[in-house]
Amino acid sequence: MIFLPDWTYHTMFEPALSRLPAKTGREFIHKGMHRIASIPGGSKLIEYLGHTAPAKQLETEIFGLRIANPVGLNGKIDPLLSGTKAFSHLGMGFIEIGPVSWDPVEADAPEFSDNKNSVVFPYNLESPGLKRTIDKLEKLKPFGKPIFIRLRKNGSIERTRSLLDKLSAYGDAFIMEEPFSSQQWLSLKEAGGGKPMLAASSVYGIESAFIELAGHDKYIDGIVIDEHGKDTGEGMEYALEQTGLLAEQVSSIRQHSAIPIIVSGGIAEPKDALALYEAGADLVMLSGGYVRTGPGLPKRINEGLLDQQTAALPVYDGWIWHWLFGLFMFLGGAVAMLVSMTIVLMPYDEAFLNLSREELMAINPNIYYFMQHDRMTVAGTMVSGGILYMQLARHGVRHGLEWAKRAIHIAGVLGFLGILLFIGFGYFDWLHGILWLVLLPFFWKGYQASKNHNEHSSSCNCTNHQAWKRSLWGQLAFVSLGFALAAAGLVISTIGVNGVFVQTDIAYICMSPEQIASINERLIPVIAHDRAGLGSALISVGLLVLMLALWGFQEGQRWVWYTFLFGGLPAFGAAIIIHYVIGYTSFIHILPAYVALLLFASGLIMSRKFFFYRL
């Protein structure tokens, strides 16, 4: 089970899990994410891969609590607390738990209506009961995010006080669904250890007396406005989108009171949350809309808020060093491509082999062509890598984007470490070494200049329009491509370290490794060196594609689409064309390249409207 971003949730998991019983599908996802979050480093991995940590600018202080961002999760989404640990790392600023009851409550899981525009919840929501809730909360320590605990209606102030007394050590704030008098509120606050007490009411249940009570913060510390539910006779049906109704009530309260307001539910798209903030809501909690729209909804809301707060991205100094790093890699690849198209063997190659180009051709021209095939593929990959580095530096690092500098640093470090693969073969291409020495100071200067960059991407993507839905398939294609390229690089490096050749290579050359070695014992070290270079380059470029696909998908960011396009053409062009030029056309051998090309083309086609989208 892996972290479920929107590009896997909507394309694979949601269609598959929707065929299962609602509770089975829900618990499968929640428990799977919980397992990932529970392993050492798992929580950080979720945040890292999803880049879900909110920007510092969104941090807010309310009820005396410091909250990383104003988006929380309604307790109805995870009533059994089976995925709570993971949810705290999916872009949420706080988590609601409950409604908590004394005894366990069994109930069916909520289900979507036939038109998918509303969710039907059972009358009595599921609850693991007080004892199991406390056991779960004990295991969550330290949680890292504020926990708001909602208490189920008990019909007795004494039972409610007792519940509060037992839960006071685990919650940072408490939400009450029952109406109480002013003196009862004071009593409850005392039972809760003085922690914030919030009064919850449905949007149609708020009366003037309730608003008047809200004006006296010594009784209650905030108001929770719950989404409106319609009694269907089988449960309560909640429309996913209730923005107008909720925003109107928020605005009405704001005219009488400055008390903090939390809106719970009624949010189907990022624009809904933004409208509620504009109306005066301080915090929002996601409910059924989170299930429908996907796990990326809180991140999209955070990016939308950041977009409203940020007029333009700042410009940082020092980005030019990473850009020059990419430029020199591009030029190095271009020179290598020119050599591969002409002489193939450099004079120092010939000196090491004690064979001229003509002599090698006379012995077995396919050995020469095979070396050309490797070197041309490396050159195309280097050209593509240079373009990716330059684009990330120009459009990402220049504006201090954390994800862009992170992508360059990870791919760059692994690319430099790849030089270690070359050393063990008894042959070292000194021109390759010189290029690495030229690139190293530019990379190091760029690293020093950008290591503290921590800007987050903002986004104007506020609706679940068709271009966004289609782009999720494009994102899946590019993520798969990046992963496949990096994996292929690892495989090629492993082969280069061990057997050097695969079976199709031997069939093309028409010689076994032993026969090649008998001709010249230095031939295989040179070929192995080229294989290591190709593997290292593919790992580095594959990771760049992967990280650009994971973190760079933002609506309207045309440069990302052009980066994929122009960054991919040299590598694919060189890798595929050279096989036909030299006659190495084994279907099995070229098939991975065609699969990668299909992913590349699919990603470009499916994401283009999203990157060029304008309202």
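One can find the structure itself at the top, above this paragraph.
An account of the accompanying structure is given in this report.

Here we look at the packing of helix H5 (residues 130–140) against helix H6 (residues 157–167)
Between H5 and H6, the least distance of the axes is 11 Å, while the angle of their chain directions is 20°. Taken as axis vectors, H5 and H6 run roughly parallel relative to one another. Every pair of crossing elements has a handedness; the one defined by H5 and H6 is right-handed. From H5, Leu 130, Ile 134 and Leu 137 reach across to H6, where they touch Leu 163, Lys 166 and Leu 167.

A word on a nonpolar patch on the surface
A grouping of Tyr 580, Phe 587, Ile 588, Leu 591, Tyr 594 and Val 595 is seen on the molecular surface, where their side chains present a nonpolar patch of about 610 Å² in accessible area. It is helix H25 (residues 587–611) that provides the largest number of residues to the nonpolar patch, a total of five residues. The topology assignment puts Phe 587 in helix H25.

Topic: the environment of Pro 54
Position of Pro 54 among the secondary structure elements: in the loop between helix H3 (42–50) and strand S1 (60–62). Residues Pro 54 and Asp 231 lie 177 residues apart in sequence; the distance between their C-alpha atoms is 37 Å. When neighbours within four sequence positions are excluded, Pro 54 is seen to be in contact with Ala 68, Asn 69, Asn 302 and His 456.

Observations regarding the pairing of strand S6 (residues 118–121)
Sheet topology note: the strand S5 (residues 111–112)/S6 ladder contains two bridges and is antiparallel. By the bridge assignment, Glu 111 is partnered in S6 with Val 120. Between S5 and S6, which pair antiparallel one after the other, the connecting turn spans five residues, and Lys 116 there sits at a positive phi close to 65°. Bridge count for S6 against strand S12 (residues 236–239) is four bridges, and the pairing is antiparallel. Each residue of the ladder has a partner; that of Val 120, found in S12, is Glu 237.

Conventions adopted
- Residues numbered from 1 in each chain as written.
- Predicted model: local features only at pLDDT ≥ 70, side-chain atom pairs only at ≥ 80, totals over all residues.
- Heavy atoms only, no water.
- Axes fitted to C-alpha atoms, helices over the stretch in contact; angles between N-to-C directions.
- Helix = DSSP H or I, 4+ residues; strand = E, 2+ residues; numbered from the N terminus.
- Parallel < 35°, antiparallel > 145°, perpendicular 65-115°, else oblique.
- Left-handed = near helix turned anticlockwise from the far one by under 90°.
- Contact = heavy atoms within 4.5 Å.
- Patch = residues over 30% accessible without salt bridge, like charges linked within 9 Å, V, L, I, M, F, W, Y side chains within 5 Å.
- Areas by Shrake-Rupley, 256 points an atom, 1.4 Å probe, with all protein chains shown as cover.
- Salt bridge = Lys/Arg side-chain N within 4 Å of Asp/Glu carboxyl O.
- Pairing = 2+ DSSP bridges.

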